[in-house]
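# Architecture at a glance
These are the residues of each chain, in order.
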Amino acid sequence: MSSPPTREEQRYDAADPIIPIAHIKSNLSAQHQASTTEIDIERHEGEKSKRGRTEEIIREEEEKRNLTNRSSSLSTSPTRLASGCSYGPVINAEFLKETKIKFEPELVSSINENREREEFRILWVDFPPLSPQNPFYFSQNRKYGITIVATLFTLMTSMNVGAFSIGMESLTVDLGCTKEQAAIGLGIYNFGFAAMPLILAPLSEEFGRRWTYVVAVILYLLFHIMIALAKNLPTMLLARVFQGCSGSVAATLVGGTIADIYIPADRGLPSAIFAFSSIAGSGLGPFVFCWVESNPKLQWRWIWWIQAMMIAALIVPIFLVMRETRESIILRRRAKKLRKERGLSDGGRYTARSEVGKVNFTQAMKTSSLRAITFLLVEPILLFFSIWMGIGWGVLYTMITGLSYNFKSVYGFTTNQVGLAYISITIGALFGFGFNFVQDAMYRRKVEEKGIEARLYAPMVAGLTFAVGCFIFSFTSTASISYIVPCLGIVVIIAAVFTIYISAFVYISECYGLYASSAIAAQSFLRNSFGGVFTFFTLQMYDSLTPRWTTFTWGCVALLLSTVPFIAFYFGPKIRSKSKYSKILMKEEQERITREKEILDGLD
């Protein structure tokens, strides 16, 4: 075990309010970081299992690294800390001022009473090796369960969009409004998705993800009931806003959850499942509920009652299966438990690194709400990917809003036939899902050479096919050409949008590590704002320009923005090297992964 650091080694800087945890590890000497994998060999003595042998190997390596750092003046062995913990700086007035750690009154009293006799230190709390509390080491079944229930929530929030679109005709008759007024309900749902994550996702980074999911899905259910009972347009629109706000959790937190429990090399498949749920549901909604809309005894209200039943059935699995996955929250709870059990008996205060810079609730709310916007404004990679993704999402919502208009006016489709045409969106998402495996294989082959830019091979192709799909749809949406051809154009568009979305999602997650949810919230804000705005003028554009020239216009914009992944691929490292936050957070994430990899290597 390593000895406590000397006063000369004790250094710390003021925390950045946007990413308060980032500075602390850079202030720890190599001997402190090496001690994070210490093992209590007495507890494992006699174990013959492979895991036990792995821990012995790690202990031996740590002992070799720490041997030269031990103080020769120590006549006795230092106090054995809790497994996974290590010595930090001396607790003094300067340290407390800079780090803003709030001590328990009884600990302050004990420190003051014993200050002349002994020196107390911060004891950094990390996970013990192979700890099942570490989200990286959750069992595969638990990881699968968490991924499934989270993406089911995402699927339902996505189905909501298409379901609203297919039910607009009976809604306008029942509530006595125009199609343009009803379309506002589609747009403001997106604005709820855009705005709320700026608060929700960062708050989950402060207070945990699990309860955010639980509360959100319950509220989402209540607002479905509200819209099903709505008697007028304002009530319906208000319900839509709140639906968007509560449903946004599914669009934002899932990315952070996946980053919590999977190392980068393993995030491809779960991220693809999440992306498939986000996009495919937009086509599944009309496909499933077109028969409800076409039944005079059911129509739009039962579209919402049926969805409410589905969400109610999801509440129990989310409550039972979902676990806290946020590393900082888990370690903060572990530190609190160790303080309660061991007090100052080990020569210091057990402290999680996430407690450094922690402020009161009001200040935390302010910082959290500003973090995503700050990332969006000062991080060029995030900004340009968000704009690119925003255009893609806008075109997606143009399809969702305008497909019914296009196929009814051009081909004379019935409601049920239009619902079948919407399945093109789901088919496109399915193709995009399949292409993800190709991208994932390329990433694994090229990651050592290209780094995270190996995530960008597929979007470089998808950016071009996105524009091609728009051109196919625009030039074939005429009565003289079979409806199959524009449907193929939709498949190409959605496959490209899916590929862009999933690649940007994973790329951004890796660029912003522990604060991936805030970066994704920023991207979600811009993306969903585009989607919401597009719904307001889609029908007017179709009337003025026809579906052909409307889609052609967005195809030209898509062609222009197809340069984004090429720029990121060739200049990404240089851009990130000048980034204020990404370079710090990527280093944090790499250190976290390296610690776990050292342990996993021992299993070979």
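Residues numbered from 1 in each chain as written. Predicted model: local features only at pLDDT ≥ 70, side-chain atom pairs only at ≥ 80, totals over all residues. Heavy atoms only, no water.

Secondary structure assignment for the protein chain yields 23 helices and 3 strands. The buried share of the protein chain, taken over its 604 residues, is 59%. For the protein chain, the proportion of contacts with a sequence separation of at least 24, taken over those separated by at least 6, is 83%. Roughly 24400 Å² of accessible area belongs to the protein chain as shown, and the carbon and sulfur atoms make up 64% of that amount. (Helix = DSSP H or I, 4+ residues; strand = E, 2+ residues; numbered from the N terminus. Buried < 20%, exposed > 50% of the residue type's maximum accessible area, 1.4 Å probe, protein only. Contact = heavy atoms within 4.5 Å. Areas by Shrake-Rupley, 256 points an atom, 1.4 Å probe, with all protein chains shown as cover.)

Before going further, it helps to examine the packing of aromatic side chains. Per the counting criterion, the structure on display carries 29 aromatic pairs. On the basis of an interplanar angle of 45 degrees and a centroid distance of 5.1 Å, the ring pair of Trp393 and Tyr501 is categorised as tilted. Of this pair, Trp393 sits in helix α16 (residues 380-411) while Tyr501 sits in helix α20 (residues 484-512), placing them 108 residues apart in sequence. Residues Trp393 and Tyr501 agree in their burial class; the two are buried. On the numbers, 5.9 Å between centres and 45 degrees between planes, the contact of Tyr411 with Phe413 is tilted. Since its relative accessible area comes to 18%, Tyr411 is described here as buried. Ring-pair connections join several aromatic residues into one group, and the members of that group are Phe407, Tyr411, Phe413 and Tyr483. (Phe/Tyr/Trp six-rings, centres within 6.5 Å; stacked < 30°, edge-to-face > 60°.)

Below, the discussion takes up the environment of Gln133. Note on placement: Gln133 falls in the loop between β2 (121-125) and α6 (140-166). Taking the C-alpha atoms as reference points, Gln133 and Thr325, 192 residues apart in sequence, are found 9.0 Å from one another. In this structure, Gln133 is in contact with Phe127, Phe138, Ile330 and Arg334, ignoring residues within four places of it in sequence.

If you check the backbone angles, Leu130 has positive phi at about 60 degrees while not being a glycine. Tracing the backbone shows Leu130 in the loop between β2 and α6. Notably, Gln299 is not glycine yet its phi reads approximately 60 degrees, a positive angle. Structurally, Gln299 can be placed in helix α13 (residues 299-321).

A few words now on the nonpolar core. By size, the foremost hydrophobic cluster in this structure holds 132 residues, and its most contacted members are Phe153 and Phe385. By residue number, the principal contributor to this core is α20, which donates 17 residues. Each of domain 2 (139-325) and domain 3 (359-591) contributes no fewer than three residues to this core. Grouped together as the second largest cluster of nonpolar side chains are 13 residues, Ala82, Ile330, Tyr350 and Ala352 included. (Core = buried A, V, L, I, M, F, W, Y, C linked by side-chain atoms within 4.5 Å. Domains from an automatic or database assignment.)

It is worth spelling out helix α22 (residues 564-577) at this point. Each turn of an α-helix holds 3.6 residues, which means side chains three or four residues apart point in the same direction. Of all the bends in α22, the greatest, near 75 degrees, is centred on Phe571, and the proline Pro573 appears no more than four residues after it. When α22 is considered as a whole, its buried residues turn out to be Val564, Pro565, Ala568, Phe569, Gly572 and Arg576. (Bend = angle between axes of the 7 residues up to and from the residue.)

By the secondary structure assignment, Ser424 is in helix α18 (residues 423-450). You can call Ser424 buried: its relative accessible area is 6%. The residues touching Ser424, leaving out its near neighbours within four places in the chain, are Cys487, Ile490 and Val491.

Here we come to the pairing of strand β1 (residues 85-90). Side-chain direction in a regular strand flips from residue to residue, so the side chains alternate between the two faces of the sheet. The buried count for β1 comes to 6 of 6 residues, which makes it a mostly enclosed element. In the sheet, β1 pairs with β2 via 4 bridges, with the strands oriented antiparallel. Paired with Cys85 across the bridge in β2 is Val125. (Pairing = 2+ DSSP bridges.)

Here we take up a nonpolar patch on the surface. On the surface, a cluster of nonpolar side chains totalling about 590 Å² of accessible area is made up of Leu464, Leu559, Phe566, Ile567, Tyr570 and Phe571. Top contributing element to the nonpolar patch by residue count: α22, with 4 residues. Looking at the element boundaries, Tyr570 is found in helix α22. A relative accessible area of 57% means that Tyr570 is categorised as exposed. (Patch = residues over 30% accessible without salt bridge, like charges linked within 9 Å, V, L, I, M, F, W, Y side chains within 5 Å. Salt bridge = Lys/Arg side-chain N within 4 Å of Asp/Glu carboxyl O.)

The subject of this paragraph is the sheet that holds strand β3 (residues 348-351). Within the open sheet, the 3 strands sit side by side as β1-β2-β3. Their pairing is mixed. The sheet is open, and its two edges are formed by β1 and β3, each paired on a single side. The average angle at which neighbouring strand axes cross in this sheet is 30 degrees, direction not considered. With 4 bridges joining them, β2 and β3 adopt parallel strand pairing. Residue pairing across strands places Ile122 opposite Arg349, the latter belonging to β3. (Axes fitted to C-alpha atoms, helices over the stretch in contact; angles between N-to-C directions.)

End to end, helix α14 (residues 327-342) covers 22 Å across 16 residues, agreeing with the expected 22 Å (1.5 Å per residue, within 8%). Here α14 has its buried residues at Glu327, Ser328, Ile329, Ile330, Leu331, Arg332, Arg334, Ala335, Leu338 and Arg339. With its phi angle positive at about 55 degrees, Gly343 sits one or two positions after the end of α14. (Expected span 1.5 Å × (residues − 1).)

Any functional reading would require information beyond the geometric quantities listed.
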